[in-house]
There are 2 protein chains.
Amino acid sequence: MRRFPEAIEQLIEEFSRLPGVGPKTAERYIYALLKLPKRDLEVFGKSLAALQDRIGVCTTCFNFSDSSPCEICRDSGRNAAQICIVAEASDLHALERSGAFTGKYHVLGGLLRPIAGITPEHLTVEALERRIRENGAEELILALDPTMEGEATGQYLVKRLGKRKGLRITRLARGLPMGADIAYADDMTLGSAFEHREALPNAREKE
Amino acid sequence: MRRFPEAIEQLIEEFSRLPGVGPKTAERYIYALLKLPKRDLEVFGKSLAALQDRIGVCTTCFNFSDSSPCEICRDSGRNAAQICIVAEASDLHALERSGAFTGKYHVLGGLLRPIAGITPEHLTVEALERRIRENGAEELILALDPTMEGEATGQYLVKRLGKRKGLRITRLARGLPMGADIAYADDMTLGSAFEHREALPNAREKE
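Being a predicted model, the structure only gives us computed values, none of them experimental. (Residues numbered from 1 in each chain as written. Chains lettered and ligands numbered in written order. Predicted model: local features only at pLDDT ≥ 70, side-chain atom pairs only at ≥ 80, totals over all residues. Heavy atoms only, no water.)

(A) A look at the overall build of chain A. Counting its secondary structure elements, chain A contains nine helices and six strands. What you see for chain A is a C-alpha radius of gyration of 22 Å, clearly larger than the 17 Å of a compact globule of 207 residues, by over 25%. The dimensions of chain A, computed from C-alpha atoms along their principal axes, are 70 × 50 × 40 Å. Among the 207 residues that make up chain A, the fraction classed as buried is 40%. In chain A, once contacts between residues fewer than 6 apart in sequence are set aside, the share between residues at least 24 apart is 48%. Just so you have it, chain A exposes about 12,300 Å², and 53% of that area is on carbon and sulfur atoms. Computed over 29 positive and 30 negative side-chain charges, the inter-centroid distance for chain A is 2 Å. (Helix = DSSP H or I, 4+ residues; strand = E, 2+ residues; numbered from the N terminus. Rg over C-alpha atoms; globule rule 2.2 N^0.38 Å. Buried < 20%, exposed > 50% of the residue type's maximum accessible area, 1.4 Å probe, protein only. Contact = heavy atoms within 4.5 Å. Areas by Shrake-Rupley, 256 points an atom, 1.4 Å probe, with all protein chains shown as cover. Lys, Arg positive; Asp, Glu negative; His and termini not counted. Charge placed at Lys NZ, Arg CZ, Asp CG, Glu CD.)

(B) Up close: the nonpolar core. Counting residues in hydrophobic clusters, the biggest one holds 44 residues, and the most contacted among them are Phe15(A), Leu33(A), Leu51(A), Phe15(B), Leu33(B) and Leu51(B). Discounting residues that sit within four places of it in the chain, Leu33(B) has contacts with Leu18(A), Leu48(A), Leu51(A), Gln52(A), Phe15(B), Leu41(B) and Phe44(B). (Core = buried A, V, L, I, M, F, W, Y, C linked by side-chain atoms within 4.5 Å.)

(C) Broad picture of the side chain of Glu9(A). Residue and element names in this part refer to chain A. Looking at the element boundaries, Glu-9 is found in helix α1 (residues 6-15). Within the structure, the side chain of Glu-9 is placed 3.0 Å from the backbone nitrogen of Phe-4, a separation counted as a polar contact. Excluding residues within four positions of it along the chain, Glu-9 makes contact with Arg-3 and Phe-4. (Polar contact = N/O pair within 3.5 Å; in protein donor to acceptor, adjacent residues only side chain to side chain.)

(D) Just the packing of aromatic side chains, in detail. On inspection of all chains with the given rule, the structure shows nine aromatic pairs over all chains. Between Phe15(A) and Phe44(B), the ring centres sit 5.1 Å apart and the planes meet at 85 degrees, which makes this aromatic pair edge-to-face. In this pair, Phe15(A) is assigned in helix α1 and Phe44(B) in helix α3 (residues 38-54), connecting two distinct chains. Note on accessibility: Phe15(A) and Phe44(B) belong to one class, buried. Taken together, Phe15(A), Tyr29(A), Phe44(A), Phe15(B), Tyr29(B) and Phe44(B) form an aromatic cluster joined through their ring pairs. (Phe/Tyr/Trp six-rings, centres within 6.5 Å; stacked < 30°, edge-to-face > 60°.)

(E) Inspection of the interface of chain B and chain A at higher detail. On the side of chain A, 56 residues touch chain B, which itself brings 56 residues to the contact. Across the chain B to chain A interface the summed buried area is about 5,900 Å²; carbon plus sulfur atoms make up 63%. Put simply, chain B and chain A have eight salt bridges between them. Two residues, Glu27(A) and Arg97(B), come together in a salt bridge whose shortest N-O distance is 3.2 Å. (Buried area = accessible area lost by both parts, 1.4 Å probe. Salt bridge = Lys/Arg side-chain N within 4 Å of Asp/Glu carboxyl O.)

(F) Inspection of the relation of the copies chain B and chain A at higher detail. The transform that puts chain B on chain A rotates by 180 degrees and translates by 0.0 Å along the axis, for an RMSD of 0.1 Å. Overall, the copies show the geometry of a two-fold rotation axis. Rotation axis and chain B: the residue whose C-alpha lies nearest the axis is Gly45(B), separated from it by 2.1 Å. Interface overlap between copies: 100% of the residues of chain B at the interface are likewise at the interface in chain A, consistent with a symmetric, same-surface contact. (Least-squares fit on C-alpha atoms with pLDDT ≥ 70 in both.)

(G) Spatial organisation of unusual backbone geometry. Residues and elements named next belong to chain A. Note that the residue after Ser-68, namely Pro-69, is joined by a cis bond; omega there is 0 degrees. Examined against the element boundaries, Pro-69 turns out to sit in the loop between β2 (64-65) and α4 (71-74). We note that Phe-62 has phi near 70 degrees; this positive angle belongs to a residue other than glycine. With respect to the helices and strands, Phe-62 occurs in the loop between β1 (56-57) and β2. Note on Phe-62: relative accessible area 24%, which makes it partly exposed.

(H) Region of the structure containing the sheet that holds strand β4 (residues 103-107) of chain B. All names here are of chain B. Strands sit in the order β4-β3-β5-β6 across an open sheet of four strands; the sheet is parallel. The sheet is open, and its two edges are formed by β4 and β6 (168-171), each paired on a single side. In this sheet, neighbouring strand axes are inclined to one another by 25 degrees on average, regardless of whether the strands run parallel or antiparallel. For strand β3 (residues 79-86) and β4, the ladder comprises five bridges, and the chain directions are parallel. Opposite Ile-83, over in β4, you have Lys-104 as the bridge partner. Against the sheet, helix α5 (residues 89-98) contacts β3 and β4, and its axis sits at roughly 160 degrees relative to β4. On the sheet, helix α6 (residues 125-135) packs against β3, β4 and β5 (139-142) and is oriented at approximately 150 degrees with respect to β4. (Pairing = 2+ DSSP bridges. Axes fitted to C-alpha atoms, helices over the stretch in contact; angles between N-to-C directions.)

Here's what the structure looks like:
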């Protein structure tokens, strides 16, 4: 099998470092890039090379940002007593998109996975503890994936931080997602949806 | 909804120019890039920016290459009298991967789509005609997608080049692909598979 020219082989390898990108997808990207106006391609490459110069990490919440403290941490209109704990900055942005939360965030930088050697020291737990100690907090909202790792990380945080007086630890509700098909929902989700079922206003209450 | 820092917004837009990449996928890529070692990211960006400096187009077959004529066109071990016509360089590489062909190629640069304004002048048809006139050819193998546009482009080439003496024009066989489910195959494919059915050696012939 004929290999590509060296410059293309190299880029295929680079693109394959992106999540979900294999050699075939990389190849398709490169054909598209070869058809871009040359100037555009150069701008793209330069933006990419400079990304980490322009984007750093907020030293308070560990979100990616072009300033530190970041825009969210600086925003005095947001409730600093509520801290929403997320694994990754991408989770933070998904929550921001929903517009459901007006407090502050803390990005752990991952979930505990002792088997893969990811222990609390690899996450920003100590910085979180310091942040709570120095600035206070009334509620930690755990917004971690409902997976084994998410559960374990949540349990660890409850054990480590849950004894502080005046600090409530909550987690996002489990239940049926919008558009779900009950016939295909898993047992854990159904169990949780039953347990936390909501009262609907009935006709008598409405009168 | 909070926007991303400018540097990230810009890269999301750049990545969205790649086929099949929307803002969400671009976002995932960027989170991965932010976690790469800084040096690696810079190398990636520079390779990208320099791609078109390092890769050009072969003036004979119009394949992407770091030399012109390209490696395939220079290869005297390949049969120059057989020219396989493909729409895009990516098709050429798929055929090369299969190892099924040992002649030369010609990349049209697309398929005819009069509605979108893509006429023969936008493709490399004239260069193909000149190539055949100057160097001769015994067979043109049309390896174009079995779609409306592929058919129309093939018919156009037959009409334009089919009168040359000693030039045979063929096209890749139509039939059931490996692993196909006959119950779900379309009528055109089944029709073609019947029409061009192959004789199997029977017991008597084997004797």
